[in-house]
Amino acid sequence: MGNQGMEDLIPLVNRLQDALSSVGHLCNLHLPQIAVVGGQSAGKSSVLENFVGRDFLPRGSGIVTRRPLILQLLNANTEYGEFLHCKEKKFTDFEKIRNEIETETCRLTGSNKGISPVPISLRIYSPHVLNLTLVDLPGITKVPVGDQPADIEYQIRDMIMQFICKENCLILAVTPANTDLANSDALKLAKDVDPQGLRTIGVITKLDLMDAGTDARQILENRLLPLRRGYIGVVNRSQKDIDGKKDIKAALHEEQKFFLAHPAYRHMAERMGTPYLQKMLNQQLTNHIRDTLPAFRSHLHSQLLALNKEAEEYRQHISQTPCLHLAVDFEKLIEGSGDKVDTVSLSGGARINRIFHERFPYELIKMEPDEKKLRQEINYAIRNINGIRTSLFTPDMAFETIVKKQIIKLKAPCIKLIDMVTEELITTLYQCISKLSSFPKLQDETEKLVTTEIQHQESKCREQVLLLIDIQLAYINTKHVDFIGFANSSPLAALQVVRKGWLTISNISIMKGGAKEYWFILTAESLSWFKDDEEKEKKYMMPLDNLKFRDGERGFMSSKFVFALFNTELRNVYKDYRCLELACNSQEELDSWKASLLQAGVYPDKVTDAEMFSDPQLERQVQTIRNLVDSYMSTIYKTVKDLMPKTVMHLMINSVKEFISCELLAQLYALGDCAALMDESPEQQQHRQEVLRKHAALTEALGVIGKISTSTSTTPVPPPVDSSWIRPARYRHSQTGGKTVARGPAPAVPQALPHTQAPPDNKLSPLPSFHPSVLHPPFLSFSQHAFLLPPPIPLMQ
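Residues numbered from 1 in each chain as written. Predicted model: local features only at pLDDT ≥ 70, side-chain atom pairs only at ≥ 80, totals over all residues. Heavy atoms only, no water.

Q: Give a description of the pattern of salt bridges that names residues and reports values.
A: Taken as a whole, this structure holds 29 salt bridges when the rule is applied. Arg271 is the salt-bridge partner of Glu270, the closest N and O atoms lying 3.1 Å from each other. For Glu363, the salt bridge identified is with Lys366, shortest N-O distance 3.5 Å. Taken together, the residues span about one helical turn, with Glu363 and Lys366 both in helix H12 (residues 349-366) at a distance of 3 residues. In this structure Glu363 comes out as buried when scored by relative accessible area, which is 7%. Connected through shared salt-bridge partners, Glu49, Asp55 and Arg237 make up one network. (Salt bridge = Lys/Arg side-chain N within 4 Å of Asp/Glu carboxyl O. Helix = DSSP H or I, 4+ residues; strand = E, 2+ residues; numbered from the N terminus. Buried < 20%, exposed > 50% of the residue type's maximum accessible area, 1.4 Å probe, protein only.)

Have a look at this one:
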């Protein structure tokens, strides 16, 4: 049976299974166990009761087992049972165990034949059992009854598959002897999930109910549909025995007498019966645990590592105040130094950073005025300031009026900046306090206090930002170093630059030098041109007073686009030229120069907007103010983009961080009844206990496994079955004495397996007799493994 350490492993697996089942699942550990599979009325319940020696399982017609029953048998000096769902109660009356199974089954499935995959865990201590863990599964059925759904067959099959598909599960396939082995649903399911037969053990029940003259010797000798681990036959109590309360011990004694007396089974009687089955299953489960021990240990380690951190936090949850962790977590999320870095989306400080440097600048850009509307506002401002007077100079008050109007518009994006940061702070807070979900009262109070503080700091920050905007409105600093009116000694020359670029003077005669390209500069006062773009040698400066432009005529074979400047008072515009023809390289460039001339107050020969273009001098003043406003507002934008994030950072973010780290705990204590704040929610308390219990079970399991010697002596898995002799054959039938027999040659007997034994004393054993359902052609199955006539046992010489 191996060393004592291996014997202790089965109870250990039972304890581990209890710990994991208490949290509603098996933690995907696939614990080694034995699943009992068979059709309805195959005798599964009787086999399990024979193991225990007591009647404790529900009985009746149809489907009786409607939930999986995890049955843990433990050898002990006293005899009693325990259920996992009422572990504190010990059942010494096995009739009450049956009632409890029925009650617990009906609790989930109802009383009208419904089924459920949620298992019932029962542990039985007894001096008459060997350590075993078995799972009694619902019997395979075909026709739904009661509340069972129409697909009951498939639901039960799925439920069975959930257990037997696991590599750590041995399969106990129970088949009654008085039915055709070819139609065994248990063997078919086992074959589907265990095609090599490494985990399947066959059990043949109801041997005493076979027709006279038939037996199951060929099956039990593992020569008909061979299994690698072979078959074991048992004889259970009949329904009459059960109704008559026949003692199981007496039934086991009669089972032993049956095998010793039966001519077909007496040579293998020591390997038949319930005691041998129980002993063999104990050995097989022990060996199976030993074989799967390395992978099982590795899986235990991985599960334990995953639980270590959570279990340690739960052990210290009383000694360490969760609020202390809140400050650390909040600061890490804001500063970007968290232990767990989000690789899916931005959070915390990263989102606030994006608000500062992407969202807020974008909101400022949206505030830039429409050019046409702004020029119109400047136009009206200049005219209203002048009143009935005609001004020779551009009024300063127009500039200041327009600038202040643009500064006031900055309040909206600045307030929106505060709102966006506030929203992110609250989101970050919720992300941090979600870790306080174990303490609902503490979580609620913390949320209220910190949210109130954020709102308070938001209000202070809003007031400060509006104050900063008012400060900008209070004094328009035209001496600012970045303002172009202060940076140049000749302000108008710099302010009035509208456009620069290359143009060709095309109407100069060849005698005077001909057409030539120059570098032109257009301001609000004049049009100048230079020898090159370094602007060192000025060739001429033409004032814009009374100038207009018109489209020119392109020369023959010329690719240039021409426009002409002329004086409305018929004066010469350049030396002795009445007009100056200027050529561009493209239509796009021509249109751009025309737009620039309009901006500088030079209009086309035909004017359509009398109000807007009636006064060239006014337009030059509008352009001057427009340039000044653009220059001054650019400095304001720079100041606001730099100062606003600093203000928000100081008054909101840093203040909230300081409140959480320094004042929050004091305000929580000021609320009183601190013990109530630390009360866990019932769900969290249960989860904590389950995690700690599961962690303790895993730790204990690894400790016990570490002490087990893996060099224990065990029975090796039998070699693969030689089934090459199974092939289609012809049958000749004759009716002799009302029995059907098969005649004809048959192949040689395969090599004997552990369950095959020669007759005692080298005497000729009687020829086997077979159940008619196996031999009669209509019952033969050729769909998978044709159940052919087994070869005759060779005569001994």
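Q: Outline the nonpolar core, listing residues and values.
A: One finds Phe399, Ile407, Val421, Leu425, Met644 and Ile660 to be the most contacted residues of the largest nonpolar core, which totals 65 residues. Counting residues per element, this core draws most heavily on helix H20 (residues 616-670), at 20 residues. Not counting the four nearest positions on each side in its chain, Ile660 is found in contact with Leu326, Ala327, Phe330 and Val450. With 40 residues, the next largest nonpolar core counts Ile70, Val135, Leu224 and Phe259 among its residues. (Core = buried A, V, L, I, M, F, W, Y, C linked by side-chain atoms within 4.5 Å. Contact = heavy atoms within 4.5 Å.)

Q: Outline the state of the cysteines, listing residues and values.
A: For the structure shown, the criterion picks out 0 disulfides. Cys414 provides the cysteine sulfur closest to Cys461, a residue in no disulfide bond, and the two sulfurs are 9.8 Å apart. Relative accessible area serves as the criterion here: at 0%, Cys461 is assigned to the buried category. (Disulfide = S-S within 2.5 Å.)

Q: Before we move on, can you summarise the packing of helix H15 (residues 411-433) against helix H16 (residues 440-474) with the specific residues and values?
A: Two elements in contact, H15 and H16, have axes separated by 10 Å at closest approach and are oriented at 165°. Taken as axis vectors, H15 and H16 run roughly antiparallel relative to one another. By crossing handedness, the relation of H15 to H16 is classed as right-handed. Among the residues making up the contact of H15 with H16, the classes are represented as 14 nonpolar, 4 polar and 6 charged. (Axes fitted to C-alpha atoms, helices over the stretch in contact; angles between N-to-C directions. Parallel < 35°, antiparallel > 145°, perpendicular 65-115°, else oblique. Left-handed = near helix turned anticlockwise from the far one by under 90°. Nonpolar A, V, L, I, M, F, W, Y, C, P; charged D, E, K, R; others polar.)

Q: Provide a residue-level description of unusual backbone geometry, including the pertinent values.
A: Positive phi outside glycine occurs at Leu225, with the angle close to 50°. Its location among the elements puts Leu225 in the loop between helix H6 (217-220) and strand E9 (231-233).

Q: Go over the sheet that holds strand E10 (residues 499-505) with me, naming the residues and quoting the values.
A: Here we have 8 strands laid out as an open sheet, ordered E13-E12-E11-E10-E16-E15-E14-E17, and mixed in their pairing. The sheet is open, and its two borders are formed by strand E13 (538-543) and strand E17 (603-604), each paired with just one other strand. Examined bridge by bridge, E10 and strand E11 (residues 516-522) share 7 bridges and lie antiparallel to one another. The residue bridging Lys500 from the neighbouring strand is Ile521, located in E11. Helix-sheet contacts for helix H19 (residues 587-599) involve E10, E11, strand E14 (547-551), strand E15 (561-567), strand E16 (579-584) and E17, and the interaxial angle to E10 is about 120°. (Pairing = 2+ DSSP bridges.)

Q: With reference to specific residues and values, describe the sheet that holds strand E6 (residues 132-136).
A: With mixed pairing, 9 strands are arranged side by side in an open sheet as E4-E3-E5-E2-E6-E1-E7-E8-E9. Two strands bound the open sheet, and with one partner strand each, they are strand E4 (86-91) and E9. Strand-to-strand, the axes of this sheet are offset by a mean angle of 25°, without reference to chain direction.

Q: Report on the packing of helix H14 (residues 396-408) against H20, specifying residues and quantitative values.
A: The angle between the axes and the distance between the axes are what describe a pair of packed helices. Packing of H14 against H20 brings their axes to within 10 Å, and their N-to-C directions diverge by 40°. One element, H14, and the other, H20, form an angle in the oblique class. When the axes of H14 and H20 are compared, the crossing they make is right-handed. The residues of H20 that touch H14, namely those facing Phe399, Ile402, Val403, Gln406 and Ile407, are Ile625, Leu628, Val629, Tyr632, Met633 and Ile636. Taken together, the residues of the contact of H14 with H20 sort by class into 10 nonpolar, 1 polar and no charged.

Q: Describe the pairing of E15, listing the residues and the values that go with them.
A: The two faces of a sheet get side chains in turn, since along a regular strand they alternate between them. With respect to burial, E15 is a largely interior element, 7 of its 7 residues being buried. Residue alternation in E15 divides its side chains into two sets, Phe561, Phe563, Leu565 and Asn567 and Val562, Ala564 and Phe566, and both sets are buried. Here E14 pairs with E15 via 5 bridges, running antiparallel. Within the sheet, the bridge partner assigned to Asp551 lies in E15 and is Phe563. Inspection of the sheet shows E15 paired to E16 by 6 bridges, in the antiparallel sense. Pairing of Leu565 across the sheet is with Leu580, part of E16.

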